[in-house]
Amino acid sequence: MSFVRTADGTEIFYKDWGSGQPIVFHHGWPLSSDDWDAQLMFFLSKGFRVIAHDRRGHGRSSQTFSGNEMDTYAADVAALAEHLKLKDAVHIGHSTGGGEVARYVAQYGGGGRVAKAVLIGAVPPVMVKSEKNPGGLPIEVFDGFRAALVANRAQFYRDVPSGPFYGFNRPGAKVLPGVIDNWWRQGMMGGIKPHYDCIKAFSETDFTEDLKKIDVPTLVMHGDDDQIVPIADSALLAIKLLKRGTLKVHKGLGHGLCTINADVVNADLLAFIQG
């Protein structure tokens, strides 16, 4: 397996397959690079170099006690990009990974390193409700996540994919047990402490200034039935802050669209990258 060691000694696991223009995939909480299987295989078949890493504390990377916040996540990506000598890369992030993309591109995206960015079902600008963000989710929602995580992480990681993540709680939804099992498998590979810390990172980090700084073409893709990251307080606000943003809303699709609706997502991504 391939790892890059960061400045604080953390081992970041990554996959680096193929050749051509690099596409870097940033996964959501509490998952791993395996969540991008459908995209990795698709873009390999189209002649791209595909790269996906496990965020610190997630998957096969070090289960870190500290550094489980967005500045360090972005610095870890910068270390990976430097290690692989990436240029003209497309960075694609889902959910928490979308926040990671925003912070990375804003802070490290110059010098020809980044060609384009994509935010899918992503958390920016900021999720938690405040005076500045009255439409956000109350802090009690995220406190509930933390309590459930500590009380019984294994059960919590069954409940999330069985219900709102993929929209399997919607009337008439076709439930896919293998997808639920794979979500659980990925989640349980990571560490409870970094996963706990990451809830604060994805819910309370304000990416407003990051979005304003991004000067590469950026696709914002979201399902309007996203029960995890509601579209009204994420994509519809983020697009207003981007200099070169394009918004793509998919009617009826939920948060787990990269897996459940991979054919739709992959086609949109390919069109954007080649456009």
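Owing to the predicted nature of the structure, the values given are computational and were not obtained by experimental measurement. (Residues numbered from 1 in each chain as written. Predicted model: local features only at pLDDT ≥ 70, side-chain atom pairs only at ≥ 80, totals over all residues. Heavy atoms only, no water.)

Caption draft 1: The overall build of the protein chain, seen in detail. Along its length, the protein chain carries ten helices and eight strands. For the protein chain, whose C-alpha radius of gyration is 17 Å, the value lies close to the compact-globule estimate of 19 Å for 275 residues. Summarising its shape, the C-alpha atoms of the protein chain cover approximately 45 × 40 × 40 Å along the three principal directions. Scored against the burial criterion, the 275 residues of the protein chain give a buried share of 56%. For the protein chain, the share of sequence-separated contacts (at least 6 apart) that also reach a separation of at least 24 residues comes to 77%. (Helix = DSSP H or I, 4+ residues; strand = E, 2+ residues; numbered from the N terminus. Rg over C-alpha atoms; globule rule 2.2 N^0.38 Å. Buried < 20%, exposed > 50% of the residue type's maximum accessible area, 1.4 Å probe, protein only. Contact = heavy atoms within 4.5 Å.)

Caption draft 2: Spotlight on the side chain of Asn68. With respect to the element layout, Asn68 can be found in the loop between strand S4 (49-53) and helix H2 (70-83). Of the residues examined, Asn68 reaches a relative accessible area of 4% and is grouped as buried.

Caption draft 3: Region of the structure containing the pairing of strand S3 (residues 22-26). Burial within S3 is extensive, with five of its five residues counted as buried. Taking every second residue as pointing to the same face, both faces of S3 are buried, with Pro22, Val24 and His26 on one and Ile23 and Phe25 on the other. Examined bridge by bridge, S3 and S4 share four bridges and lie parallel to one another. Looking across to S4, one finds that Val24 is bridged to Ile51. Between the parallel elements S3 and S4, the chain passes through helix H1 (residues 37-45) in a crossover that is right-handed. (Pairing = 2+ DSSP bridges. Right-handed = clockwise from strand over helix to strand, strands pointing away.)

Caption draft 4: Structural view of the packing of helix H4 (residues 139-162) against helix H6 (residues 192-204). Their axes nearest at 10 Å, the elements H4 and H6 cross at an angle of 155°. Classified by the angle their axes make, H4 and H6 are roughly antiparallel. In the packing of H4 onto H6, the handedness of the crossing is right-handed. Facing Ile139, Phe142, Phe145, Arg146, Leu149, Val150, Arg153 and Tyr157 of H4, the residues of H6 in contact are Ile192, His195, Tyr196, Ile199, Lys200, Phe202, Ser203 and Glu204. (Axes fitted to C-alpha atoms, helices over the stretch in contact; angles between N-to-C directions. Parallel < 35°, antiparallel > 145°, perpendicular 65-115°, else oblique. Left-handed = near helix turned anticlockwise from the far one by under 90°.)

Caption draft 5: Summary view of the pattern of salt bridges. According to the stated counting rule, one finds 18 salt bridges in the structure shown. Close ionic contact of Asp34 with Arg60 constitutes a salt bridge, the shortest N to O distance being 2.8 Å. With Asp34 in the loop between S3 and H1 and Arg60 in the loop between S4 and H2, this residue pair connects regions lying 26 residues apart in the sequence. Judged by its relative accessible area of 24%, Arg60 falls in the partly exposed class. Note that Asp210 is salt-bridged to Arg103, the shortest N-O span being 2.9 Å. Linking Asp210 in helix H7 (residues 208-213) with Arg103 in helix H3 (residues 96-108), this pair joins segments that are 107 residues apart in sequence. Judged by its relative accessible area of 6%, Asp210 falls in the buried class. (Salt bridge = Lys/Arg side-chain N within 4 Å of Asp/Glu carboxyl O.)

Caption draft 6: A nonpolar patch on the surface, seen in detail. The grouping of Leu236, Leu247 and Val249 at the surface amounts to a nonpolar patch, some 200 Å² of accessible area in total. The class for Leu247 is partly exposed, based on a relative accessible area of 34%. (Patch = residues over 30% accessible without salt bridge, like charges linked within 9 Å, V, L, I, M, F, W, Y side chains within 5 Å. Areas by Shrake-Rupley, 256 points an atom, 1.4 Å probe, with all protein chains shown as cover.)

Caption draft 7: A look at the nonpolar core. One finds Trp29, Tyr104, Val105, Trp183, Phe202, Leu211 and Ile214 to be the most contacted residues of the largest nonpolar core, which totals 56 residues. At the level of elements, strand S2 (11-17), H2, H3, strand S6 (114-120), H4, helix H5 (177-189), H6 and helix H8 (235-241) are the ones that each hand at least two residues to this core. Per-element tally for this core: the top contributor is H2, with seven residues. In contact with Leu211, other than residues within four places in its own chain, are Ala102, Leu119, Pro124, Pro125, Ala238, Leu241 and Leu242. Counting residues in hydrophobic clusters, the runner-up holds 22 residues, among them Phe43, Phe48, Ala52 and Val118. (Core = buried A, V, L, I, M, F, W, Y, C linked by side-chain atoms within 4.5 Å.)

Caption draft 8: Structural context of the sheet that holds S3. Within the open sheet, the eight strands sit side by side as S1-S2-S4-S3-S5-S6-S7-S8. Their pairing is mixed. Bordering the open sheet on either side are strand S1 (2-5) and strand S8 (245-250), each of which pairs with just one other strand. Taking the axes of each pair of neighbouring strands and ignoring which way they run, one obtains an average angle of 20° across the sheet. Where S3 meets strand S5 (residues 89-94), four bridges bridge the pair, whose relative direction is parallel. For Phe25, the partnering residue across the bridge sits in S5 and is Ile92. Sitting on the sheet, H3 touches S3, S4, S5 and S6, and the angle it makes with S5 is about 145°.

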